[in-house]
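For reference, the chains in residue letters:
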Amino acid sequence: MNSDSAAGSGYWYGPDERLDPPTAVLQALRGYRAAEVATRRSTRDSMGMGETDLLALRYLLRAQAAGERVGPKDLSRTLGITTASTTSLIDRLVGSGHVRREPHPTDRRSLVIVPTAATDSEVRETLGEMHRRMLAVAEELSAEESRIIVSFLRRMADALTEQVERH
């Protein structure tokens, strides 16, 4: 697509009231994504950590809530980072007081990475209000609207995943 057709489509530029419905949907998705990126950046900044650190904490907190144990290899695999990067990540999170290393309860040779109670509270405090506002918007949808939106977003995710897998 050349720059003239991109500009003419309204997807990249132009007021929403001039957009055809499919392009207006894509424009709304871009607006949501921009707001999400800005919110995540603000959250990371307020917590003093990077994107991978925040993703690691989210994973660790979910695993803890599910009663699962997480070791360094689990973090490496989930985050798609090397063992050296995982060691640095864990060192940072231990140093900042967000996690601690504990001996594995059944394997003396292994460690588990556990988020601290203060981390759970900090994440709830930092993200809780945002999640409540987002849930309130979602709760306003009818069951049929929810079904349509979920189906649409899953198909959009599949379309993007297919693009990534081709490269």
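Each residue is numbered by its place in its chain's sequence as written, counting from 1. In view of the model being predicted, local features appear only for residues whose pLDDT reaches at least 70, and side-chain atom pairs are presented and counted only at 80 or more, with totals across whole chains, interfaces and linings using the full set of residues. The basis for every side-chain value is the complete set of non-hydrogen atoms in the structure, without hydrogens or water.

## Points about the pairing of strand E2 (residues 111-115)
At step 1: With four of its five residues buried, E2 lies for the most part within the structure.
At step 2: Sheet topology note: the strand E1 (residues 99-103)/E2 ladder contains five bridges and is antiparallel. Residue Glu 102 lies in a different strand from E2, and its bridge partner there is Val 112. Buried residues are those whose accessible area, probed at 1.4 Å on protein chains only, stays under 20% of the maximum for their type, while exposed residues exceed 50% and partly exposed ones sit between those limits. Secondary structure elements follow DSSP: runs of H or I no shorter than four residues count as helices, runs of E no shorter than two count as strands, and numbering proceeds from the N terminus. For two strands to pair, DSSP has to find at least two bridges joining them.

## Some remarks on the pattern of salt bridges
At step 1: The term salt bridge refers to a pairing of a side-chain nitrogen on Lys or Arg with a carboxyl oxygen on Asp or Glu at a separation within 4 Å. The final tally for this structure, using the stated rule, is 12 salt bridges.
At step 2: When the shortest N-O distance is used, the salt bridge between Asp 74 and Arg 77 registers 2.7 Å. Of this pair, Asp 74 and Arg 77 both sit in helix H4 (residues 72-79), separated by three residues, roughly a single helical turn.

## Digging into helix H5 (residues 83-95)
At step 1: With 13 residues, H5 extends 18 Å between its outermost C-alpha atoms, agreeing within 8% with the 18 Å of an ideal straight helix rising 1.5 Å per residue.
At step 2: Among the residues making up H5, those that are buried are Thr 86, Leu 89, Ile 90 and Leu 93. Projected down its long axis, H5 shows its buried positions confined to an angular sector of 95°, all on one face. Exposed and oriented more than 90 degrees from the buried face of H5 are Ala 84 and Gly 95.
At step 3: The contact criterion used throughout is that any non-hydrogen atoms of two residues lie within 4.5 Å. On its buried side, H5 packs onto helix H3 (51-65), H4, E1 and E2.
At step 4: Gly 97 sits one or two residues past H5 and shows a positive phi near 80°. One fewer than the residue count of a helix, multiplied by 1.5 Å, yields its expected span. An arc is given here, and it is the one of the directions from the helix axis to the C-beta atoms.

Remember, this is a structural readout, not a statement about activity or role.
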